[in-house]
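# Chain and residue survey
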Amino acid sequence: MTAPSGPAPAGVPAVHCRSLGVSFGAVRALHDVSLDLAAGRIHALVGQNGAGKTTLAKVLGGLQTPDSGTVSIAGREIPHGDVRAAKAAGLAMVHQHFSLPPSFTVAEALELAAVRPGGRRVYRRADLHRRWQADVAELGGAATLSTRIRDLPVEARQSLEIVRALATEASVLLLDEPTALLTPAATDALFERLRRLRADGVTILVVLHKLREVAAVADTVSVLRDGELVLGPAEMSEVSQGQLSDAIVGSGAADAAPAGVSASGSGPDSPSGTATRSALLEMIGVSSADSAFEPGLAAIDLRVDSGEIVGIAGVEGNGQRSLVSVIAGLSPLTAGSVRIGDDEMSAAAPALRRIRGLRLVPFDRNTEGVSQSAPLWLNQSALRLIDRHARDVVYPPRRGIVHAVAPAGSERDDSKLRVGERLGVRWRQLSPLISLRQFKSQAATAMDRWRVRYDNVAQPAESLSGGNIQRLILSRELDSDLEVLVAAQPTRGLDFAATEFVRRSLRARRDDGAGVLLVSSDLDELFELSDRLAVMYGGRIVAHFDGPYDRRAVGDAMTGAVR
Amino acid sequence: MTSGLRRAASTVVLVVVSFLITALILRVSGYSTGEVLSGIIQGAITATGASTSSIRWAIPLLLIALGVVIGFRAGFFNIGGQGQFYMGACSALAISLGWRDGPAGLVILCGTLAAMLAGVLWSLFPGWLRVRFGTDEVLTTLMMSFIGALVLQYLTAGPMRNPQGTGQTAASERIPEAFRLTGGSGVSLTVLLLVAAVTVLVWLVLERTRFGLTMTLVGRNATMARWQGINVRRVGLGAFALSGALAGLAGAVELYGPAARLVTGFSPEVGFTAVVVALVGLLNVWGTVVAAVFFGGLQAAILFLPIVTDLPPPALVLLNGMVAFLVTVKFRAVRRRKAAQAEAAAS
């Protein structure tokens, strides 16, 4: 490892910031954050999703220009949003997602970042390679300087990101959620490495999600909540796990009555009322492969009955995406079975599941929920496009199915029509051609019912606000017959009115007898809506809760404290 | 549809600008621009047989361009129309020469179907590579196009060569006159009706069927389409197949119409000009019809000009290329701006 160029003089904090504020439109990402990080120590930064951790890291690294406040690295003030100045002051950053080009070799990637020997523009590659030989040894396995990055295992890529960051001879290292993708063993190895860097005098700020990891590696801890620094930097020896949980999730409900936490791994059997209820969604021992950014599912047992909202709590990236895409049929399962109603659906195509009554509110409404450039009516009609043939052929209409707010008068009685009209109806049923007018008017009716505000059904979806786009999605997913609704982060980024509308809609469908699975990282939302709650951690369901919920117990389960 | 009008107007402006730049280049090179312009008008419209010649060239351009439009709907850029066109013509020729005493109607029907099938196969392979491995279809369709041109060269110089043939270029035997749908002019009522029917059919498929709307959704945002339960791969393959079928059909129409036999490297530009036609037509069926007639006229003028001026033939290909260049730049710029806006909206 190269020696850090200029450790801060004793007494001067390695990182010093005052009254930092960042807003994205109406959203306050950071508010009046002041922080001093002592040199040569490992500092942890924790908080829920959206608390401002990544924003703070970006401001320190010069990638995000703050609206107000100052940043100094090793006593040098960094002009707002100046990446080069931050680098020159000795700060290096390892991003949440891998940033190295996969087609590069290890040597090329390092060369990209390196300070050239003697500051010359012309240099010998062999000199660089000699310096990096030791670092490459740390990547482990068969990796050499000429290994392509795409061929490296995840842990080695992570290590390489760090090696690359330090190739700039940094004295302050910033790591944004470096453990999100690592196995426990790789996490331990990473921490060992951080300790060695600390011994070399490097100051480290690491964003972490799991309190166990904080306890394992950090000297001090700071907590962000809703963009404000609510705790720290505090010495780890001086704060308890409970204090940290409270600081992270807020202490509003700490005095709630303790709720029964069922032992982890046991079935979600609810003791009463099962006789009258029917399972609409059932997952038995479902596992799936890891994806690029998330652990896969590990033996998930989950059941959603008619007339209930089951909440899925968890820090993002603990398998929620895998869960939803396995239910939707977008990624395959490796073991277990998924049932919708009485039907085995483990291998069914996504279209069949939707026809069978599965509805989805996807995580990212702008890319997964709507097609931005397509007209509103086409976005609204997507379900109708797959529905026609398959519904009658594959699944006869079912008794159990929940009917939407019936569009009165939409079904006409054929017997009252004259012969010519009857032929016309018959032609429309047989013809491969569709009536755009009918599609558009059906879309308009549904959108009006769900209070989408628009001028023209032909305008593109991108012209709507976030709340309106979510209403559009609801008008597609909830306006027709449905059995199971999976809603992923349905209110993220919405204003108060839109949030309330979405929540009312979910409750209304629950009361109609649908089964609702609500995946959210907003604990208040989960507590307010869920009849039952399951907590995901590392691709497993680690705890079940029934209301009233104990915020601290749920928070502990989310951070992996309950195993 | 004011936005549609605005886009049409801006495209017309680009075409006019291309004309001006070409005129400037010709002027600098010492040609009289007035003479060239009058030559273009004569060659495309006023000279004897000029307007027929324009329509004759508009037909293959339109058919192949409609295939490009279909590909674009589903989000794919099939620029290999030339090879699909050649393979279609070769298949129709093989059927027609192999069964030369068959009933004309049946042979033409079989030949046309074979041509469409060949076009499908020639585009489905890159299509499959695309949906299965994510291979860039711009590259693969282009490469397949070169392979198609070389297969044509091999066939006309080898197995299908007319043994009695004279002259420098390798050519096949002529198909029996009974099989021809037009005279040497390349235009007849039958062919015009056929092309009109195909155009209307393509419009119906794109705008008035579930498949067409599904293609639009997939082309606009495949991720959203997947979440909606649409089988994105199957839709993509369908679009490639339809696209290739139309280029193959153009090959058959060329053979049964003006060509009657295949010559190495015949109609070398149509497949690529058709891409420009589709872009100038704003990827819209009726716009493409207008653009095909325009570029058909230009093609006729290119062939006519050397007769009345001392202009070498490539000089007007320059104009063609200028239009293609400007339209592509505009198309990419708009796409990029939209992508940037979408990204800004999402973050």
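The text that follows walks through the structure, step by step, so that each part is easy to find. (Residues numbered from 1 in each chain as written. Chains lettered and ligands numbered in written order. Predicted model: local features only at pLDDT ≥ 70, side-chain atom pairs only at ≥ 80, totals over all residues. Heavy atoms only, no water.)

### Some details on the overall build of chain A
On a plain count of helices and strands, chain A comes out with 18 helices and 21 strands. Residues classed as buried in chain A amount to 53% of the 563 residues present. Considering only contacts within chain A whose residues lie at least 6 apart along the sequence, 69% involve residues at least 24 apart. Roughly 24,300 Å² of accessible area belongs to chain A as shown, and the carbon and sulfur atoms make up 51% of that amount. (Helix = DSSP H or I, 4+ residues; strand = E, 2+ residues; numbered from the N terminus. Buried < 20%, exposed > 50% of the residue type's maximum accessible area, 1.4 Å probe, protein only. Contact = heavy atoms within 4.5 Å. Areas by Shrake-Rupley, 256 points an atom, 1.4 Å probe, with all protein chains shown as cover.)

### Some details on the overall build of chain B
Looking only at helices and strands, chain B has 13 helices and zero strands in total. Overall, chain B shows an N-to-C arrangement of helices and strands of α-α-α-α-α-α-α-α-α-α-α-α-α. For chain B, whose C-alpha radius of gyration is 21 Å, the value lies close to the compact-globule estimate of 20 Å for 347 residues. When its C-alpha atoms are laid out on the principal axes, chain B stretches across 70 × 50 × 35 Å. (Rg over C-alpha atoms; globule rule 2.2 N^0.38 Å.)

### Observations concerning the sheet that holds strand β9 (residues 220–225) of chain A
Residue and element names in this part refer to chain A. Taken in spatial order, the six strands make up an open sheet running β6-β7-β8-β3-β9-β10, and their pairing is mixed. Of all the strands in the sheet, the pair left with one neighbour each is β6 (91–94) and β10 (228–235). The sheet shows a mean angle of 15° between the axes of neighbouring strands, taken without regard to direction. Note: β6 against strand β7 (residues 172–176), four bridges, orientation parallel. Considered in β7, the bridge of Met93 is made with Leu174. Of the strands in this sheet, β3 (42–46), β9 and β10 touch helix α8 (residues 241–249), which is tilted by about 30° from β9. (Pairing = 2+ DSSP bridges. Axes fitted to C-alpha atoms, helices over the stretch in contact; angles between N-to-C directions.)

### Thoughts on a positive patch on the surface
Residue and element names in this part refer to chain B. On the surface, Arg7, Arg220, Arg332, Arg335 and Arg336 cluster together into a positively charged patch. In terms of residue count, the dominant contributor to the positive patch is helix α13 (residues 314–346) (three residues). Mapped onto the elements, Arg7 comes out in helix α1 (residues 2–28). Under the relative-accessibility criterion, Arg7 is labelled partly exposed at 45%. (Patch = residues over 30% accessible without salt bridge, like charges linked within 9 Å, V, L, I, M, F, W, Y side chains within 5 Å. Salt bridge = Lys/Arg side-chain N within 4 Å of Asp/Glu carboxyl O. Lys, Arg positive; Asp, Glu negative; His and termini not counted. Charge placed at Lys NZ, Arg CZ, Asp CG, Glu CD.)

### Some points on the pairing of strand β20 (residues 532–537) of chain A
Look at any regular strand and the pattern is simple: side chains alternate between the two faces of the sheet. Residue and element names in this part refer to chain A. Counting buried positions along β20 yields six of six residues, so the element is predominantly enclosed. Burial of β20 is two-sided: the residues Arg532, Ala534 and Met536 facing one way and the residues Leu533, Val535 and Tyr537 facing the other way are all buried. Pairing between strand β14 (residues 308–313) and β20: four bridges, direction parallel. If you follow Ile312 over to β20, its bridge partner there is Ala534. Here β20 runs beside strand β21 (residues 540–546); their pairing, made up of six bridges, is antiparallel. Its bridge partner lying in β21, Arg532 is registered against Asp546. Hairpin remark: β20 followed by β21, antiparallel, with two residues in the connecting loop; positive phi at Gly538, about 60°.

### Overview of the packing of aromatic side chains
Geometry of an aromatic ring pair is reported as the spacing of the ring centres plus the angle between the planes. Per the counting criterion, the structure on display carries eleven aromatic pairs over all chains. Where B:Phe76 meets B:Phe240, the ring centres are 4.8 Å apart and the plane angle is 35°; that geometry is what we call tilted. Separated by 164 residues along the polypeptide, B:Phe76 in the loop between α3 (50–73) and α4 (81–98) and B:Phe240 in helix α10 (residues 232–259) bring together distant segments of the chain. On the accessibility criterion, B:Phe240 (1% relative accessible area) is buried. With 5.5 Å between their ring centres and 85° between their planes, B:Trp128 and B:Phe133 make a pair best called edge-to-face. Among the aromatic residues, those joined into a cluster by ring pairs are B:Phe19, B:Phe294 and B:Phe295. The ring of A:Phe501 has A:Arg471 sitting right over it, with the charged end atom 4.3 Å from the ring centre. Sitting over the face of the ring of B:Trp57, B:Arg56 holds its NZ or CZ atom 3.6 Å from the ring centroid. (Phe/Tyr/Trp six-rings, centres within 6.5 Å; stacked < 30°, edge-to-face > 60°. Lys NZ or Arg CZ within 6 Å of the ring centre and 35° of its normal.)

### Things to note about the interface of chain B and chain A
Accessible area lost during the coming together of the parts is what is often quoted as the interface size. Each side of the interface is counted separately: chain B has 20 residues, and chain A has 33 residues. The junction of chain B with chain A conceals about 2,500 Å² of combined surface from both sides, 64% of it contributed by carbon and sulfur atoms. Looking at the side of chain B facing chain A, the largest losses of area belong to B:Arg210, B:Trp227 and B:Gln228, adding up to 35% of the total buried there. Inspection of the chain B/chain A interface yields zero salt bridges. Here chain B is connected to chain A by eight residue pairs in polar contact (both at pLDDT 80 or more). Elements represented by at least two residues in the side of chain B that touches chain A include exactly α7 (189–208), α8 (210–220), α9 (222–227) and α13 of chain B. (Buried area = accessible area lost by both parts, 1.4 Å probe. Polar contact = N/O pair within 3.5 Å; in protein donor to acceptor, adjacent residues only side chain to side chain.)

### Quick look at the environment of A:Leu175
Residues and elements named next belong to chain A. Considering the arrangement of structural elements, one finds Leu175 in strand β7. A relative accessible area of 0% places Leu175 in the buried class. Each C-alpha atom of the pair Leu175 and Glu161 lies 9.7 Å from the other, and the pair is 14 residues apart in sequence. Leave out the neighbours within four places in its chain, and Leu175 touches Val94, Ile162, Leu194, Ile204, Leu205, Val206 and Val207.

### Observations concerning the sheet that holds strand β16 (residues 343–344) of chain A
Residue and element names in this part refer to chain A. Taken in spatial order, the four strands make up an open sheet running β13-β12-β15-β16, and their pairing is antiparallel. Across the chains shown, the open sheet's two edge strands, defined by having one partner strand only, are β13 (300–305) and β16. Relative to strand β15 (residues 335–340), strand β12 (residues 279–287) runs antiparallel, the two being bridged by five bridges. Note that in β15 the partner of Glu282 across the bridge is Arg339. Seen against the sheet, helix α9 (residues 320–328) touches β12, β13 and β15 and runs at an angle of roughly 120° to β12.

### Thoughts on the nonpolar core
All names here are of chain A. One finds Leu173, Leu194, Ile204, Val535, Phe545 and Val554 to be the most contacted residues of the largest nonpolar core, which totals 183 residues. With residues up to four places along the chain from it excluded, the contact list for Leu173 reads Ala92, Val94, Ile162, Ala165, Leu166, Leu197, Val202, Thr203, Ile204 and Leu205. In terms of nonpolar packing, the next biggest core, distinct from the first, is built from 32 residues, Leu323, Val324, Ile327 and Val519 among them. (Core = buried A, V, L, I, M, F, W, Y, C linked by side-chain atoms within 4.5 Å.)

### Examining the packing of α8(B) against α10(B)
Residues and elements named next belong to chain B. Taken N-terminus to C-terminus, the directions of α8 and α10 make an angle of 110°; their axes are 10 Å apart at the nearest point. As summarised for this structure, α8 and α10 are arranged roughly perpendicular, according to the angle between their axes. Where α8 crosses over α10, the handedness of that crossing is left-handed. Here Phe211, Thr214, Met215 and Val218 of α8 come into contact with α10, specifically with Val232, Val235, Gly238, Ala239 and Leu242. For the contact of α8 with α10, a count of residues per class yields seven nonpolar, two polar and no charged. (Parallel < 35°, antiparallel > 145°, perpendicular 65-115°, else oblique. Left-handed = near helix turned anticlockwise from the far one by under 90°. Nonpolar A, V, L, I, M, F, W, Y, C, P; charged D, E, K, R; others polar.)

### Some words on the side chain of B:Thr199
Residues and elements named next belong to chain B. Its location among the elements puts Thr199 in helix α7. The class for Thr199 is buried, based on a relative accessible area of 4%. A distance of 2.7 Å separates a polar atom in the side chain of Thr199 from the backbone oxygen of Val195. In this structure Thr199 touches Leu62, Leu66, Val285, Trp286 and Val289, once residues within four positions along its chain are discounted.

### Concerning the environment of A:Ser530
Residue and element names in this part refer to chain A. Secondary-structure assignment places Ser530 in the loop between α17 (523–529) and β20. In sequence terms Ser530 and Val217 are 313 residues apart; their C-alpha atoms lie 35 Å from each other. Ser530 has contacts with Ile309, Gly311, Leu518 and Tyr549, leaving out every residue within four places of it along the chain. There is a polar contact of 2.7 Å between the side chain of Ser530 and the backbone oxygen of Leu526.

### Focus: the pattern of salt bridges
Pairing between side chains of opposite charge can happen when their charged atoms approach one another. Residues and elements named next belong to chain A. The tally for this structure, following the rule as stated, stands at 29 salt bridges over all chains. Here Arg198 ties to Asp219 by a salt bridge, and the two come within 2.7 Å at their closest N and O atoms. Of this pair, Arg198 sits in helix α6 (residues 184–199) while Asp219 sits in the loop between α7 (211–217) and β9; the two residues are 21 residues apart in sequence, bridging distant segments of the chain. A salt bridge links Arg449 to Asp479; the nearest nitrogen and oxygen atoms lie 2.8 Å apart. Remark: Asp479 occurs in the loop between α15 (466–477) and β18 (484–488) and Arg449 occurs in helix α14 (residues 436–449); sequence separation between them is 30 residues. In this structure Arg449 comes out as partly exposed when scored by relative accessible area, which is 28%. Counted as one network, the salt bridges with shared partners bring together Glu500, Arg503, Arg507, Asp522, Glu525 and Glu528.

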